[in-house]
Amino acid sequence: MANGVLSFPLTSFHPDGSLDPDGFRAHVAAQIATAPGAVFPACGTGEFFSLDEDEYRRVVGIAVEEAAGRVPVVAGVGYGWAQAVRFARIAEEAGADALLVLPHYLVAAPQDGLVAQLAHIAARTRLPLIAYQRGQVTFGADAFRRITAIPGVIGLKDGHSDLDRLQRLTLAASECFLFFNGAATAEVQARAYATVGVPAYSSAVHAFAPEIANAFFTALHDGDDGTTDKLLREFYVPLVELRDRVPGYAVSLVKAAARLRGRPVGPVRAPLTDPSAADLADLRTLLTTGLDLVGAAL
């Protein structure tokens, strides 16, 4: 999974908000065709929080069918551990390869509780788990050592960008333990994460412009600082500034950009909202700029 951009496909909905399985199949097939390091259906970008169990089953099943063993399929699970286990069993039945444990719902929790949450899930699924620290979930050094000792916990995705803390965790882990940069618009911090031993990252941009995402990944790993800086300066940083205008744009802007490129992903579900007309116009201009930088067209 460290050998390519990690793809987090969007979940397709019809205009009335119902699931669009055919649209999702087309979208995830296009994502897999660009050879990502792995595909993560029904996670944050895929609006896991808005899916019921039947919809989740269809989304994960379609991703597994389209991947056909070519890339790992890592499905999102979340809420409290009891509900996470229900989703985990569905993902197992659908043929997923691993699970990303999203931050639990609403409440803050002590370190012992965070460890117990993962232990409960791990004991009830045969699939390996990747923990995700973001929002109200942050693992201290002692809790981290304890979760790495849980059978089946194979990695950590970090969304806090506290590189001092993360460096301490990477040094405490075994060589086979996986780490992922899960910061919002992860490319902006990809170089910094790589300096503490975390080169792999998720890319929301890959969901609508794999040409840009793959060009950035190649430039970064080839040490092409000129191309890396140009893409950051002219595309990624302006994208972050646009994303930060409205809560929820980390998902709804990504969906809007995919629609601008003719992808059948549909709208977001409430409580998210689609971008305003003015923000959509700015997004179109920025997307055109980014694609021009890598020799692609809208």
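These numbers were taken from a predicted model, which means no experiment stands behind them.

> Just checking my understanding: could you explain the sheet that holds strand E6 (residues 153-158) for this structure?
Strand pairing in a sheet takes place through backbone hydrogen bonds and is either antiparallel or parallel in direction. Spatially, the five strands line up as an open sheet ordered E3-E4-E5-E6-E7, and their pairing is parallel. What marks the edges here is a single partner per strand, and that holds for strand E3 (74-77) and strand E7 (178-181). Recorded for the sheet is a direction-independent mean angle of 25° between the axes of neighbouring strands. Taken strand by strand, helix H6 (residues 163-172) contacts strand E5 (129-133), E6 and E7, and its axis lies near 160° from that of E7.

> Teacher, can you tell me more about the packing of helix H9 (residues 225-243) against helix H11 (residues 277-293) here?
Between two packed helices, the angle of one axis relative to the other and the distance separating the axes together describe the packing. As a packed pair, H9 and H11 sit with axes 10 Å apart at the nearest point and diverge in direction by 160°. Taken together, the axes of H9 and H11 are roughly antiparallel relative to one another. When you trace H9 past H11, the crossing you get is left-handed. Where H9 approaches H11, its residues Lys230, Leu231, Glu234, Phe235, Pro238, Leu239 and Leu242 are matched on the opposing element by Asp279, Asp282, Leu283, Leu286, Leu287, Thr289, Gly290 and Leu293. Residues that form the contact of H9 with H11 fall into these classes: nine nonpolar, two polar and four charged.

> How do you make sense of the sheet that holds strand E1 (residues 6-7) when you look at a structure like this?
Strand order across the open sheet formed by three strands is E2-E1-E8, with parallel pairing between neighbours. Sheet topology places strand E2 (38-39) and strand E8 (202-203) at the edges, where each strand pairs with a single neighbour. Two strands pair when backbone bridges link them, and E1 and E8 are joined in this way by two bridges, in the parallel orientation. Each bridged residue has a counterpart across the sheet, and for Leu6 the counterpart in E8 is Ser202.

> Just to check I follow, could you spell out the environment of Ala63 for this structure?
Along the polypeptide, Ala63 turns up in helix H2 (residues 53-67). The exposure class assigned to Ala63 is buried, which follows from its relative accessible area of 0%. For the pair Ala63 and Pro41, spaced 22 residues apart in sequence, the C-alpha separation works out to 6.7 Å. Setting aside its immediate chain neighbours within four residues, Ala63 contacts Phe24, Val28, Ile32, Pro41 and Val73.

> Honestly, the packing of helix H10 (residues 249-260) against H11 in this entry has me stumped. Any pointers?
Close contact between H10 and H11 brings their axes to 10 Å; oriented N to C, the two are set at 65°. Classified by chirality, the crossing of H11 by H10 is right-handed. Facing H10, whose interface residues are Tyr249, Leu253, Ala256, Ala257 and Leu260, H11 presents Asp279, Leu280, Leu283, Arg284 and Leu287.

> Whenever I open this one, unusual backbone geometry confuses me. Can you help?
As a rule of thumb, non-glycine residues mostly have phi less than zero, and peptide bonds are mostly trans rather than cis. Cis geometry is adopted by the peptide bond preceding Pro271, which originates at Ala270 and carries an omega value of 15°. Residue placement: Pro271 occurs in the loop between H10 and H11. Phi angles above zero are rare outside glycine, and Ala42 is one such case at about 55°. Tracing the backbone shows Ala42 in the loop between E2 and H2. Positive phi values are uncommon outside glycine, yet Tyr79 reaches one of about 70°. Note that Tyr79 resides in the loop between E3 and helix H3 (81-94).

> I would appreciate a short explanation of the pairing of E6 in the present structure.
One face of the sheet, then the other: side chains in a regular strand alternate in exactly this way. Burial analysis of E6 places five of its six residues in the buried class, the great majority of the element. Here five bridges tie E5 to E6, and the two strands are oriented parallel to one another. Pairing of Tyr132 across the sheet is with Lys157, part of E6. As paired elements, E6 and E7 share four bridges and run parallel to each other. Bridging across to E7, Asp158 finds its partner in Asn181. In this view, the connection linking E6 to its parallel neighbour E7 by way of H6 has right-handed handedness.

> Looking at this model, I keep getting lost on the nonpolar core. Mind explaining?
Within soluble globular proteins, side chains that are nonpolar generally end up buried alongside one another. One finds Tyr56, Val60, Leu100, Phe139, Phe144 and Phe179 to be the most contacted residues of the largest nonpolar core, which totals 68 residues. Contact partners of Phe144, with chain neighbours within four places excluded, come to Phe139, Leu156, Leu169, Ala173, Phe177 and Phe179. By size, the runner-up hydrophobic cluster in this structure holds 33 residues, among which are Tyr201, Ala209, Ala213 and Val254.

> Explanation requested: the pattern of salt bridges in the structure shown.
Side-chain pairs of opposite charge can arise whenever the charged atoms involved come near each other. Evaluation of the coordinates by the stated rule reveals 19 salt bridges. Between Glu53 and Arg86 there is a salt bridge, with the nearest N and O atoms lying 2.8 Å from each other. Separated by 33 residues along the polypeptide, Glu53 in helix H2 and Arg86 in helix H3 bring together distant segments of the chain. Given the relative accessible area of 21%, Glu53 is considered partly exposed. In this structure, Arg146 and Asp142 form a salt bridge, with 3.5 Å as the shortest nitrogen-oxygen distance. Here Arg146 pairs with Asp142, and both are found in helix H5 (residues 141-148), just four residues apart, close to one helical turn. Using a relative accessible area of 44% as the deciding quantity, one classes Asp142 as partly exposed. Linked through salt bridges whose partners overlap, the residues forming this network are Arg25, Glu65 and Glu66.

Reading the values: the criteria
Note on numbering: residues in each chain are counted from 1, in written sequence order. Owing to the predicted nature of the model, reporting of local features is limited to residues with pLDDT of at least 70; listing and counting of side-chain atom pairs is limited to 80 or more, with chain, interface and lining totals taken over all residues. Values reported for side chains reflect all heavy atoms of the structure, with hydrogen atoms and water molecules removed beforehand. In this description, strands pair whenever DSSP reports at least two bridges between them. Starting at the N terminus, helices and strands are each numbered in turn, a helix being any DSSP run of H or I of at least four residues and a strand any DSSP run of E of at least two. The angle between two axes is taken between their N-to-C directions and runs from 0 to 180 degrees, where each axis is a line fitted to C-alpha atoms and a helix contributes only its stretch in contact. Contacts between residues were defined by any pair of non-hydrogen atoms, one from each residue, lying within 4.5 Å. These descriptions rest on fixed angle ranges, namely under 35 degrees for roughly parallel, over 145 for roughly antiparallel, 65 to 115 for roughly perpendicular, and the rest for oblique. Should the near helix be turned anticlockwise from the far one by less than a right angle, the crossing is termed left-handed; should it be turned clockwise, right-handed. Under the scheme applied here, ten amino acids are nonpolar (Ala, Val, Leu, Ile, Met, Phe, Trp, Tyr, Cys and Pro), four are charged (Asp, Glu, Lys and Arg), and all others, including Gly, are polar. Summary of the burial criterion: residues with accessible area below 20% of their type's maximum are buried, those above 50% are exposed, and those between are partly exposed, where the area comes from a 1.4 Å probe applied to protein chains only. The crossover handedness rule: strands pointing away from the viewer, path from first strand over the helix to second strand clockwise, crossover right-handed. Throughout this description, the term nonpolar core refers to a set of buried Ala, Val, Leu, Ile, Met, Phe, Trp, Tyr and Cys residues connected via side-chain atoms within 4.5 Å. Any carboxyl oxygen of Asp or Glu that lies within 4 Å of a side-chain nitrogen of Lys or Arg is treated as forming a salt bridge with it.

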